[in-house]
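Survey of secondary and tertiary structure
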Amino acid sequence: MVRRDARLSLEDRPEPTRRSGQVLLETSAALVGTSADGMVVGGMAIGLIREGAGSLVPGLRAFVHPTTPCRKCHACRGGAEGLCDKAKVRGVDLDGTASTVLVAGRQDVVIVPEGVGDAAALSAAAFHALPIAVFGGMAVPRSPIALVTDIDHDLGLASAHVLAALGWQVIVVGAEPGRRAAAGAAGAAVAVDRSTFPAFSDAVLDVSEGAGAQLLVDTTGVDGVVDEALRGRAARTRLVLLGPGGDPEAGPGVTVERPVPAGATDRAGAIRFVSERGLPDVLVRPEVPVAALDGGSVDDAVDRVVSFGPGEGSPAET
Ligand SMILES: [Zn+2]
């Protein structure tokens, strides 16, 4: 485990024991950000369940939430656990996740879909930004249709899983047959092969009987892809850009979620709107570099964490 005192240090500690209602995981990746002195650092994490609870059986890979809400207050009982001000934060109120083994309450873990890499799952954009977009930023339409334009990218595939689980009819676009099959298994209604069917918005208009998609999720950052996606949009549509690194207007590696202005027919128009209004802090995340800790690179990863300083979204793995 990695502990923050005046500086970070590596320590050996006895393994924690799992209590009833908890799972014990072998950590494969942990995102290290804000932490308090004396605490094991590490917020959200990915791990393999070694000792399960209920349907969370050994062998499943799970995402560990960085906070544990009280589940008793007004906000929690109303389903707004993100607003709980008694929530315990890993690395600050509790020991964090940068340890080889950790325990977590079964309500604090989410199974990571097959085919989604640790780094993508950890960036948590799909798990956090999408529910925020769907529940916070927009009224869910009567027959919600979402288009996810690149499931060849892990974030895209994760988005398709999340949206299908949230009850959206999901149309995905991807070039790899295996990825399209994975999206289908995850609940996507239609999978389009971009290489043979570049006018993929025709499929959206078909499925929606001309109404279009109310949510567009893009992970490519490529103008032509978003332009084509906008062709199949509904009258009121929100655009979610996940990790379009290096965009000169949106910035590196940001996550953006905004309504598409009525007049926008291309990505430049949609992005300009975002720039004019300013990016909402909650949905803008720093670019996430990933440091692997296997192969004797522990010291190197600790150095990288230290170089980011406290309070920044800097990951390390154990
Ligand atoms: Zn609460």
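Residues numbered from 1 in each chain as written. Predicted model: local features only at pLDDT ≥ 70, side-chain atom pairs only at ≥ 80, totals over all residues. Heavy atoms only, no water.

Structurally, Ala 146 is set in strand 10 (residues 145-148). As a C-alpha pair, Ala 146 and Ala 213 span 67 residues in sequence and 5.4 Å in three-dimensional space. Dropping the residues within four chain positions of it, Ala 146 is found in contact with Leu 163, Trp 168, Gln 169, Val 170, Ile 171 and Leu 215. (Helix = DSSP H or I, 4+ residues; strand = E, 2+ residues; numbered from the N terminus. Contact = heavy atoms within 4.5 Å.)

In this section: the side chain of Asp 108. Within the secondary structure layout, Asp 108 lies in the loop between strand 8 (101-105) and strand 9 (109-111). In this structure the side chain of Asp 108 is engaged in a polar contact, spanning 2.9 Å, whose partner is the side chain of Arg 71. Contacts of Asp 108, omitting those with residues within four sequence positions, involve Phe 63, Val 64, His 65, Thr 67, Thr 68, Pro 69 and Arg 71. (Polar contact = N/O pair within 3.5 Å; in protein donor to acceptor, adjacent residues only side chain to side chain.)

Next up on the list: the side chain of Thr 149. Here Thr 149 shows up in the loop between strand 10 and helix 4 (154-165). Side chain to side chain, Thr 149 and Asp 218 meet in a polar contact 2.6 Å long. Non-local contacts of Thr 149, meaning those with residues more than four positions away in its chain, are made with Val 173, Arg 194, Phe 200, Val 217, Asp 218, Thr 219, Val 225 and Ala 229.

Attention shifts here to the pairing of strand 8. Within strand 8, five of the five residues are buried, which leaves it mostly tucked inside the rest of the structure. Every second residue of strand 8 is oriented toward a common face, with Val 101, Val 103 and Gly 105 on one face and Leu 102 and Ala 104 on the other, all of them buried. The pairing of strand 3 (residues 22-32) with strand 8 spans five bridges and is classified as antiparallel. Of the residues in strand 8, the one forming a bridge with Gln 22 is Gly 105. (Buried < 20%, exposed > 50% of the residue type's maximum accessible area, 1.4 Å probe, protein only. Pairing = 2+ DSSP bridges.)

With that out of the way, let us pick up the confidence of the model for the protein chain. This prediction gives the protein chain a mean pLDDT of 75; 66% of its residues lie at or above 70. Averaged over each element, pLDDT in the protein chain is lowest for strand 16 (residues 314-316) (39) and highest for helix 6 (residues 201-207) (95). For residues 278-297, every residue scores under 50 in pLDDT, and the model assigns this stretch 44 contacts once sequence neighbours within four places are set aside. (pLDDT = per-residue confidence, 0-100.)

The biggest cluster of nonpolar side chains holds 19 residues, and the ones touching the most others in it are Leu 147, Ile 171, Val 192, Phe 200, Ala 213, Leu 216 and Leu 239. It is helix 7 (residues 223-231) that contributes the most residues to this core, four residues altogether. In contact with Phe 200, other than residues within four places in its own chain, are Leu 147, Thr 149, Val 173, Val 192, Val 225, Glu 228 and Ala 229. One finds Leu 155, Val 170, Ala 183 and Val 217 within the second-largest nonpolar core, a separate group that totals 17 residues. (Core = buried A, V, L, I, M, F, W, Y, C linked by side-chain atoms within 4.5 Å.)

Attention now moves to unusual backbone geometry. Phi at Arg 71 takes a positive value of approximately 65°, unusual for a residue other than glycine. Within the secondary structure layout, Arg 71 lies in the loop between strand 6 (67-68) and helix 1 (74-77). Taking the relative accessible area as the measure of exposure, Arg 71 reaches 25% and is therefore partly exposed.

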